[in-house]
Amino acid sequence: MVGKIDYKSAGDHALVAEFGNEISKAINDQVRGLSYLLENEPVKGIVETVPTYRSLMIHYNPLIIDQMSLIAELKKREEKLENLELPPPMVTEIPTLYGGEYGPDLEDVANHAGMTEGEVIKIHSSGEYLIYMLGFTPGFPYLGGMDSRIAAPRLKNPRRRIDKGSVGIADKQTGIYSLDSPGGWKLIGWTPVSLFEPGAEKPFLLKAGDYIKFRPINQDEYEKIRQAIEAGRNKWKTYPKKTEKGSM
Amino acid sequence: MSGLKIIKSGLLSTIQDGGRLGYQQYGVPVSGVMDFYAYRLANYLVGNAEEDAVIEVTMMGFAAEFLQDTVIAVTGGDLTPTLNGRPIGMWETVFVVPGDKLAFQRVKTGCRCYVAIAGGIAVPKVMGSRSTYLRGGFGGHEGRALRNGDELKIGKRKNKIEMLRDRSLADQAMEYPSAIILRVVPGPQEEAFTNEGIRDFYSGVYKVTMDSDRMGFRLEGKKITHRNKSEIISDGVAMGAIQVPGQGQPILMMADRQTSGGYPKIGNVVTSDLPKLAQAKPGDTLRFQKITVEEAEEAFGRMEKKLNQMKKTLSNGKNMLNPMEEKPDWNGDVKEEKPVNHKKEPPKLKEDLSSREKPTPEKNKVPLKPGQRKFIVRINEKEYTVLLENREKE
C-alpha cells in the first residue's frame, strides 16, 4: 500500500518526497519504489535522488523544471507505485572475522547481553539486514533488523580512529565502517571486504534497499579472502533475496 | 617544465570544480566550489569549459609559481592578489610567464577566491569530478589540500592565447558585504519549530562563528526553539540547508555537507544567494528573509541568464561586456546593506605582463561606448586593438 506522499520544498533546487515519519520496512520499500520508478521513467531536470529511511530527496535543475511542474510530474507517477513490480533486492554476504583484536568490544557486548561471545556471533550473523540508506560517510550502510538481544550502548569515549571494515553495534543498530574515521560504535568484528573504493569502476559494494548478511570466518579464511581481494578477485557473494516477493 | 608549483599552501587551498553529482545516494558529498558565480566567471574569462577545475584559495597565505606561459583569472573574495609583489586586477585575465609568482596578501572582502588557469587544473577525475573531498580523502590533488612544493599540471588550452587578452568581467563582479541578507525558502521541516522560533529566526542577526568550514557554517544568535523534538529521522540535505540542532543555533550546510542529516531544517537559502553566503567568514553577520519557491526560481533564472550572456559574449570574441549595460539585480526586492568603503575600484594595475616578451600594441584604456565592441587581431606577429560598432542591439 502506498500512503499519501508529502512533497516538501528543500529550497529551490531540491524537493523531499516523504512517505511517513517512522523507520519501517514498508515505508522504505515505497522510497525504493519511487527511486526505481524515476530511474526507469525519468523526469527531465532531475539531477539525482537520495533515498533515506522514509523519504526520497530529489535534487533537480530549476532551469529545466520548476518545483511545481516537478511535483505535477511526480504525482502523475504516483499511481504506478501501487502496482510496481520491483526486482528482488540483492543480498551481499559480508565475511566477518569476529572478536579478538578485530572485534575488541565483542566481550563487552556479550557481557551486556548476558550471553557468550559465540551466541552474539550466532545471532548477529543469522539475520539479513535491510540497507535503509547509505550516508554519514561514503558507502556507510544504515542497517535495520538487528536482534535487540544483542543491542549495546555506544562507547562513552569514542575512538579517535576506527579502521574501515570494522563491524560495530550502536544501540539497536549494526553497521560497517566504510572509511577510516572516528566513532563511538562498539566493535565486534572486521571484514576484509571494502564497501567503498573511490577509484574503482564500481566504487560501491552496497545499494540502499538491498540487504547484507554477515558470515563468520576464521583467521585462515580471512587471510585467503584478503589476498584474493588484493589480487583483484571478488571473494564475496551476492544473490537475490529469496523469501520476499518483488512487489510492494 | 610546465604547470605551476605551490610555494605556500596557505590556510586551505584545494582543487574544486562544479561538484561530484550522482553519488549522493551512496553517501558521497557533492563537494565542489563554494561560490559557483565566481567560479564560473573565472572559467569564462580564461576560455575554459564551465566544469574545469580551479584552485579555491581560502583567506590567506597561498602562493604559487608558474612554470609555463599561461593566462589566469582570479575571481571571488578580494584576498589582494599580487603577481611578483604587485597588485593585479580581479575578474579579468592576467598573462603570466615562467617564474611569475602569484600570492595573496590579506582579506579585503569575502573569504575565498578562485584561480582559474586556461586549460584548467589537470588532476584525474574521481567519480566524474575533480573536486577534493577532504574528509573522504579523494578527488583533487591526491585527495587532500594543497601543500608546499606540490606541482600541478594544466590541461590543454582551448583558445589561442591572444583571444584571452584584455578580457574583463570586473563590471559583473559580485560584491561580498560582511553583513549579508539571505533569502530563504521555508521547509522541509519548518513545522518542527514554534511560531516564536520561526519569528526569531527571521528577525534575528546571526554571526558566523570560527567553527565554520567547507562542510558548514555554525551560527550564533537568537536561539530558535523547537516545537517538540530537536531530532528527526535522517533525510536528505541540500546545499544551503539551515539545520537547527537541539541547542537552537543554526548550521548552514555547504559544499562538503553530509548527504543526509538528522536535525530539522527550518529553511534553505536560495540558490542565487549561495555565492554571497559562500563568502561569509567568521565574524560576518547574516540575516534571513522568507520568500516563495517561485520568487527564488525567478531570481535564479535571472542570474543564470546573465551568466549565459557573459559566457556567450566572451566566446564570441568580445572581451568586455558593455559597460553601460545595466548591472544585474541579484537581490530581487531585498534591500542590500552596503558595506562601508566597498566602492568598486576599477581594475588596478593594467600592466600586461606578457609585454616583457613582445611589444604590445597601444591599449585602449577608455571604457567602451555603448554599442562598441573591442577586438584583438594578430597580423604578422603584431597585435592590434580594433573597435567596432555593434550592429545588433543588445
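Visitor: Before we go on, may I ask you to explain the overall build of chain B in this structure?
Guide: Scanning chain B for helices and strands turns up four helices and 22 strands. Buried positions account for 60% of the 394 residues belonging to chain B. Of the contacts formed within chain B by residues at least 6 apart in sequence, a portion of 75% connects residues at least 24 apart. Per element, the accessible surface of chain B, about 16,400 Å² overall, is 51% carbon and sulfur.

Visitor: Would you explain the interface of chain A and chain B in this entry?
Guide: Reports often express the size of an interface as the amount of accessible area lost when the parts come together. With 42 residues of chain A at the contact, the number on the chain B side is 44 residues. Summed over both partners, the interface of chain A with chain B comes to about 3,200 Å²; 63% of that surface belongs to carbon and sulfur atoms. By the criterion of area lost to chain B, the three top residues of chain A are Asp 12, Glu 48 and Leu 63 of chain A, representing 17% of everything that side buries. Viewed at the interface, chain B and chain A are joined by one salt bridge. Put simply, Lys 8 of chain A and Glu 191 of chain B hold a salt bridge, and the shortest N to O gap is 3.1 Å. Among the elements that make up the side of chain A that touches chain B, the one with the highest residue count is strand E3 (residues 46-51) of chain A (five residues). Class assignment for the residues of the side of chain A that touches chain B results in 23 nonpolar, 12 polar and seven charged.

Visitor: Even after reading the chapter, I still don't get the environment of Gly 120 of chain B, so can you show me in this structure?
Guide: All names here are of chain B. By the secondary structure assignment, Gly 120 is in the loop between strand E10 (112-117) and strand E11 (151-152). With relative accessibility at 1%, the residue Gly 120 sits in the buried group. In this view, Gly 120 contacts Asn 48, Asp 52, Ala 53, Lys 153, Ile 154 and Gly 155; residues no more than four positions away in its chain are not counted.

Visitor: It is not clear to me how the domain arrangement of chain A should be interpreted in this structure. Could you clarify?
Guide: Residue and element names in this part refer to chain A. The domain boundaries assigned to chain A delineate domain 1 (6-78) and domain 2 (90-240). Its C-alpha centre places domain 1 at a distance of 30 Å from the equivalent point of domain 2. Opposite the nine residues of domain 1 that make contact, domain 2 presents 11 residues. Summed over both sides, the interface between domain 1 and domain 2 buries roughly 800 Å², with carbon and sulfur atoms accounting for 58% of that surface. Broken down residue by residue, the surface that domain 1 buries against domain 2 is led by Asn 28, Arg 32 and Tyr 53, which jointly contribute 54%.

Visitor: Honestly, the pairing of strand E20 (residues 285-290) of chain B in this entry has me stumped. Any pointers?
Guide: On a regular strand, each side chain points to the face opposite its neighbour's, so the side chains alternate between the two faces of the sheet. Residues and elements named next belong to chain B. In terms of strand pairing, strand E12 (residues 179-186) meets E20 through six bridges, oriented parallel. Considered in E20, the bridge of Ile 180 is made with Leu 286. As paired elements, strand E13 (residues 206-212) and E20 share two bridges and run antiparallel to each other. Residue pairing for E20: Tyr 206 is matched across the bridge by Leu 286.

Visitor: How should I be thinking about the environment of Met 1 of chain B in this particular structure?
Guide: Following the sequence through the fold, Met 1 of chain B ends up in the segment before strand E1 (4-9). Not counting residues within four places of it along the chain, the set of residues in contact with Met 1 of chain B comprises Leu 67 and Gln 68 of chain B.

Visitor: Help me understand the sheet that holds strand E16 (residues 241-243) of chain B, please; the structure alone is not making it clear to me.
Guide: Backbone-to-backbone hydrogen bonds join strands into a sheet, with any given pair of strands oriented parallel or antiparallel. All names here are of chain B. In space, the seven strands of this closed barrel follow the order E12-E19-E16-E17-E14-E13-E20, with mixed pairing throughout. Ignoring which end each strand starts from, the neighbouring axes of this sheet average 40° apart. Strand direction decides the pairing type here: E16 and strand E19 (residues 265-269), joined by three bridges, are antiparallel. Residue pairing for E19: Ala 241 is matched across the bridge by Asn 268.

Visitor: Would you take a moment to explain helix H2 (residues 67-82) of chain A for this structure?
Guide: Side chains three or four residues apart in an α-helix point the same way, a direct result of the helix having 3.6 residues per turn. Its 16 residues place the ends of H2 of chain A 24 Å apart at the C-alpha level, agreeing with the 22 Å of an ideal helix rising 1.5 Å per residue. Remark: the principal bend of H2 of chain A, roughly 25°, maps to Lys 76 of chain A. Residues Gln 67, Leu 70, Leu 74, Arg 77 and Leu 81 of chain A constitute the buried set of H2 of chain A. The inward-facing, buried residues of H2 of chain A contact strand E1 (6-9), strand E2 (14-18), helix H1 (25-40), E3 and strand E4 (55-60) of chain A together with helix H4 (293-315) of chain B.

Visitor: Is there a simple way to explain the pattern of salt bridges in this structure?
Guide: For the structure shown, the criterion picks out 38 salt bridges over all chains. Among the salt bridges present, the one from Lys 207 of chain A reaches Glu 39 of chain A, with a minimum N-O distance of 3.6 Å. With Lys 207 of chain A in the loop between strand E12 (186-190) and strand E13 (211-216) and Glu 39 of chain A in helix H1, the pair connects residues that are 168 residues apart, well separated along the chain. Glu 39 of chain A sits in the partly exposed class, given a relative accessible area of 49%. Put simply, Arg 161 of chain A and Asp 163 of chain A hold a salt bridge, and the shortest N to O gap is 3.0 Å. For Asp 163 of chain A, a relative accessible area of 38% corresponds to the partly exposed category. Each member of the salt-bridge network shares a partner with another, and the members are Lys 8, Glu 18 and Arg 54 of chain A together with Glu 191 of chain B.

Visitor: Would you explain the nonpolar core in this entry?
Guide: A general tendency of soluble globular proteins is for nonpolar side chains to be buried together. By size, the foremost hydrophobic cluster in this structure holds 85 residues, and its most contacted members are Ile 55, Trp 91, Leu 286 and Phe 288 of chain B. At eight residues, helix H1 (residues 36-45) of chain B tops the list of elements feeding residues into this core. Counting residues in each nonpolar core, the second largest holds 35 residues, with Ala 110, Met 115 and Ile 150 of chain A together with Tyr 133 of chain B among its members.

Rules used in this analysis
- Residues numbered from 1 in each chain as written.
- Chains lettered and ligands numbered in written order.
- Predicted model: local features only at pLDDT ≥ 70, side-chain atom pairs only at ≥ 80, totals over all residues.
- Heavy atoms only, no water.
- Helix = DSSP H or I, 4+ residues; strand = E, 2+ residues; numbered from the N terminus.
- Buried < 20%, exposed > 50% of the residue type's maximum accessible area, 1.4 Å probe, protein only.
- Contact = heavy atoms within 4.5 Å.
- Areas by Shrake-Rupley, 256 points an atom, 1.4 Å probe, with all protein chains shown as cover.
- Buried area = accessible area lost by both parts, 1.4 Å probe.
- Salt bridge = Lys/Arg side-chain N within 4 Å of Asp/Glu carboxyl O.
- Nonpolar A, V, L, I, M, F, W, Y, C, P; charged D, E, K, R; others polar.
- Domains from an automatic or database assignment.
- Pairing = 2+ DSSP bridges.
- Axes fitted to C-alpha atoms, helices over the stretch in contact; angles between N-to-C directions.
- Expected span 1.5 Å × (residues − 1).
- Bend = angle between axes of the 7 residues up to and from the residue.
- Core = buried A, V, L, I, M, F, W, Y, C linked by side-chain atoms within 4.5 Å.

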